[in-house]
Amino acid sequence: MSRIALALTINGQRHDVLTEAHRTLLDVLRADLGLTGTKENCLEGECGVCTVLLDGMAVDSCLLLAAQCQGREIVTIEGVSSRGGDDVLARAFIDCGAVQCGYCIPGMIISATAFLDEHPSPSEAEVREALAGNLCRCTGYQKIVDAVLAAGRTSGTETRGDAR
Amino acid sequence: MSFDFHEPASIAEAVALAARFGTEARFLAGGTDLLVQIRRKRVAPRHVVSLHRVPGLDTIDANGEIRLGALVTHRALERAPAFQGALRALVEGARVVGGHQIRNVGTVGGNIVNASPAADVVPVLLVLDAAVTCVGPNGAREMKLDEFLLGPGETALRPDELLTSIRFPAPALRSATGFLKAGRRRAMEISVVCVAVWLSLDGDDRCAGVRISLGAVGPRALRSCDRPVESSPRTVSRSRTSAHRQPTGGFSWKHSFRARSGQR
Ligand SMILES: Cc1cc2nc3c(=O)[nH]c(=O)nc-3n(C[C@H](O)[C@H](O)[C@H](O)COP(=O)(O)OP(=O)(O)OC[C@H]3O[C@@H](n4cnc5c(N)ncnc54)[C@H](O)[C@@H]3O)c2cc1C
Ligand code: FES
Ligand code: FES
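Predicted, not measured: the structure shown is a model, and the values here were computed from it.

**Thoughts on the overall build of chain B**
Move 1: Looking only at helices and strands, one finds ten helices and 14 strands in chain B.
Move 2: Burial status across chain B gives 48% buried among its 264 residues.
Move 3: Long-range pairs, those at least 24 residues apart, make up 58% of the contacts in chain B with a sequence separation of at least 6.
Move 4: Summed over its atoms, the accessible surface of chain B is roughly 12,300 Å², and 52% of this surface lies on carbon and sulfur atoms.

So, in structure tokens, the structure goes:
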């Protein structure tokens, strides 16, 4: 099978990759580029540990061919904190004690980042709905939900502060 | 899994590739069904024809008659201002498909062509009396979605045909739609049953028409047949009990479906 040359923009940096057509973005991120912050588990879109941002939207990188990502903006967990203000989310996860084994957390943070971009001050029900595609086998979710709500409040305050 | 990847830049090019490779080729829209099926070895295409560079397939046109390009995502349906009123069932159907990650890439065309009996947007399109346009090497043809869907994973689409758009009439002045899904949990769950309803009233508050579709309870989504409905004025706005007592025209499943399942 032929290989394809791809130019991928990941966390603001261009990466030239030569790969087979059937390989997913997740394969390329982890195996070729060593970006192992994005996790791998079900490979069927069920668990969300492989979530990345594609043009600002949360997507499962296990269900996306790398070839589909040519010319699009990809942000992984390694790049999310370099987007101004998103450390707020990581800090909130720590402060709320939302991390146990940690395997689901990169995907949770990516989903929450995309969600808070669109819904700066969400309700608890909205947060739960937004994280439906991310499974956690440890925490029981409550502290994760609390962390996203807290991050929403904090960045809301900061934005309002900036505006003044 | 291993295949060649093609990125046609027009409908004609996409169809030519499909015609050339026949059953060895699969179109790729959001990939949320196709990649899972490839991984489970249910299908093993030698050629994957991505639709992302084909222009014009991802637009929603709602000036008068509604036209959805096949690549319109569930995300776009959920957020379309045109569907917040009488066509709300489209929003309600689209927003229970998987989680955000799935809705951000999964498309309405993929939902239809994949032909899962539990596809959530399909019952909504059935009650809206939608028609689909398919383009093949010999041009376009249009058929009712109700005739397009044959059974689990089975449609009237030929291997060299591309589903390009879905259209249905603009909602009548006094009409409404609704969609409900029941699964074993509240989100990220395949429908145990889902139901879509379209209802319209005439100027005297009589029920002028009703269509009901049920998903996940048969080999494909079922739709009540169109029959005139007998109803007295204000049946709908009166109390629930009196509405229940009101006889309707009754409905049986579309004969085409009955005839087909009878053959098996
Ligand atoms: C975790 C998960 C949860 C899900 N939850 C739900 C759910 O709750 N409800 C639901 O209804 N579905 C659900 N799905 C299924 C799927 O996401 C939807 O059916 C989606 O709409 C499929 O669209 P797609 O663009 O991803 O299709 P693809 O996977 O790209 O394509 C599906 C099939 O259709 C063909 N195809 C696609 N577009 C065209 C076209 N324009 N012309 C001709 N052929 C075409 C492809 O060749 C393929 O055979 C879920 C899937 C996953 C992985
Ligand atoms: S590994 Fe991608 S969703 Fe589970
Ligand atoms: S913290 Fe272990 S899976 Fe979520």
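**A closer look at the site of ligand 1**
Move 1: Residues in contact with ligand 1 amount to 35 residues; listed here are only the nearest, B:Phe27, B:Thr32, B:Leu34, B:His74 and B:Thr107.
Move 2: Ligand 1 sits at the junction of chains A and B, each of which supplies nearby residues.
Move 3: In the environment of ligand 1, an oxygen atom lies 2.6 Å from a nitrogen or oxygen atom belonging to the backbone of B:Phe27.
Move 4: Measuring from an oxygen atom of ligand 1, one finds a side-chain N or O atom of B:Asp33 at 2.8 Å.
Move 5: Protein coverage of the free-state accessible area of ligand 1, which is 980 Å², stands at 92%.
Move 6: Mapped onto the shell around ligand 1, the elements with two or more residues apiece are strand E2 (25–28), helix H6 (108–114) and strand E10 (162–168) of chain B.
Move 7: The residue makeup of the shell around ligand 1, split by class, is 17 nonpolar, eleven polar and seven charged.

**Let's talk about empty space enclosed by the protein**
Move 1: Taken as a whole, this structure holds two cavities of 30 Å³ or more when the rule is applied.
Move 2: By volume, the largest cavity amounts to about 60 Å³.
Move 3: Taken together, B:Asn111, B:Ile112, B:Ala115, B:Ser116, B:Pro117, B:Ala118, B:Ala119, B:Val122, B:Leu149, B:Gly151, B:Arg220 and B:Ala221 make up the lining of the largest cavity.
Move 4: Going through the elements one at a time, H6 and strand E8 (149–151) of chain B are the ones with two or more residues in the lining of the largest cavity.
Move 5: Grouping the amino acids of the lining of the largest cavity by side-chain chemistry returns eight nonpolar, three polar and one charged.
Move 6: Of the volumes computed, that of the second largest cavity is approximately 40 Å³.
Move 7: Lining the second largest cavity, in full, are A:Val59, A:Asp60, A:Leu63, A:Leu64, B:Thr32, B:Gln101, B:Ile102 and B:Val105.

**Overview of the confidence of the model for chain B**
Residues and elements named next belong to chain B.
Move 1: Scored by pLDDT, chain B has a mean of 88; 85% of the residues are at 70 or more.
Move 2: Per-residue pLDDT stays below 50 along residues 234–264; that stretch engages in 42 contacts with residues further than four places along the chain or on separate chains.
Move 3: If you check the scores for this complex, the pTM reads 0.91 and the ipTM reads 0.94.

**A look at the sheet that holds strand E1 (residues 4–6) of chain B**
What links the strands of a sheet is backbone hydrogen bonding, and the strands pair in either a parallel or an antiparallel sense.
Residues and elements named next belong to chain B.
Move 1: Pairing in this open sheet of three strands is parallel, and the strands run E1-E3-E2 from one edge to the other. The two strands at the open ends of the sheet, each matched to only one other strand, are E1 and E2. Strand-to-strand, the axes of this sheet are offset by a mean angle of 25 degrees, without reference to chain direction.
Move 2: Across the sheet, helix H1 (residues 11–21) touches E1, E2 and strand E3 (47–50), and the angle it forms with E2 is around 155 degrees.

**Details of the sheet that holds strand E5 (residues 73–75) of chain A**
All names here are of chain A.
Move 1: Pairing in this open sheet of five strands is mixed, and the strands run E2-E1-E5-E3-E4 from one edge to the other. Looking at the sheet topology across the chains shown, the edges are occupied by strand E2 (13–20) and strand E4 (57–60). Neighbour-to-neighbour, the strand axes of this sheet turn through a mean angle of 40 degrees, independent of strand direction.
Move 2: Together, strand E1 (3–10), E2, strand E3 (51–54) and E5 form the strand contacts of helix H1 (residues 25–32), whose direction differs from that of E2 by roughly 105 degrees.
Move 3: In the packing of helix H4 (residues 105–118) onto the sheet, the strands contacted are E3, E4 and E5, and the crossing angle to E3 comes to about 35 degrees.

**Let's talk about the pattern of salt bridges**
Move 1: What the rule picks out here adds up to 24 salt bridges over all chains.
Move 2: For B:Arg75, the salt bridge is made with A:Glu118, and the minimal N-O distance between the two is 3.9 Å. Residue B:Arg75 is found in helix H3 (residues 74–79), and its partner A:Glu118 is found in helix H4; the two belong to separate chains.
Move 3: Classification of A:Glu118 by relative accessible area gives partly exposed; the value is 38%.

**A few points about the nonpolar core**
Move 1: With 72 residues, the main nonpolar core has B:Phe83, B:Leu90, B:Ile112, B:Leu125, B:Val132, B:Phe148 and B:Phe168 as its most contacted residues.
Move 2: Of all the elements, helix H7 (residues 121–127) of chain B adds the most residues to this core, at six residues.
Move 3: One finds A:Phe93, A:Ala112, A:Ala147 and A:Ala150 within the second-largest nonpolar core, a separate group that totals 29 residues.

**Re the domain arrangement of chain A**
All names here are of chain A.
Move 1: When its domains are assigned, chain A resolves into domain 1 (3–77) and domain 2 (81–153).
Move 2: Domain 1 and domain 2 are separated by 21 Å when their C-alpha centres are compared.
Move 3: Across the boundary between the two partners, domain 1 contributes 16 residues, which contact 14 residues of domain 2.
Move 4: Here domain 1 meets domain 2 over a buried area of about 1,200 Å², counting both sides, of which 66% is carbon and sulfur.
Move 5: Linking domain 1 with domain 2 are four residue pairs in polar contact (both at pLDDT 80 or more), by the criterion used here.
Move 6: Here the element with the most residues in the side of domain 1 that touches domain 2 is E3; it accounts for three residues.
Move 7: In the side of domain 1 that touches domain 2, the residues fall into seven nonpolar, six polar and three charged.

About the thresholds
Residues numbered from 1 in each chain as written. Chains lettered and ligands numbered in written order. Predicted model: local features only at pLDDT ≥ 70, side-chain atom pairs only at ≥ 80, totals over all residues. Heavy atoms only, no water. Helix = DSSP H or I, 4+ residues; strand = E, 2+ residues; numbered from the N terminus. Buried < 20%, exposed > 50% of the residue type's maximum accessible area, 1.4 Å probe, protein only. Contact = heavy atoms within 4.5 Å. Areas by Shrake-Rupley, 256 points an atom, 1.4 Å probe, with all protein chains shown as cover. Near = heavy atom within 4 Å. Polar contact = N/O pair within 3.5 Å; in protein donor to acceptor, adjacent residues only side chain to side chain. Nonpolar A, V, L, I, M, F, W, Y, C, P; charged D, E, K, R; others polar. 1 Å grid on protein atoms, 1.4 Å probe; cavity = no way out; pocket = protein on both sides within 12 Å on 5 of 7 lines; lining within 4 Å. Points joined across faces, edges and corners; volume = space filled by probe spheres on them. pLDDT = per-residue confidence, 0-100. Pairing = 2+ DSSP bridges. Axes fitted to C-alpha atoms, helices over the stretch in contact; angles between N-to-C directions. Salt bridge = Lys/Arg side-chain N within 4 Å of Asp/Glu carboxyl O. Core = buried A, V, L, I, M, F, W, Y, C linked by side-chain atoms within 4.5 Å. Domains from an automatic or database assignment. Buried area = accessible area lost by both parts, 1.4 Å probe.

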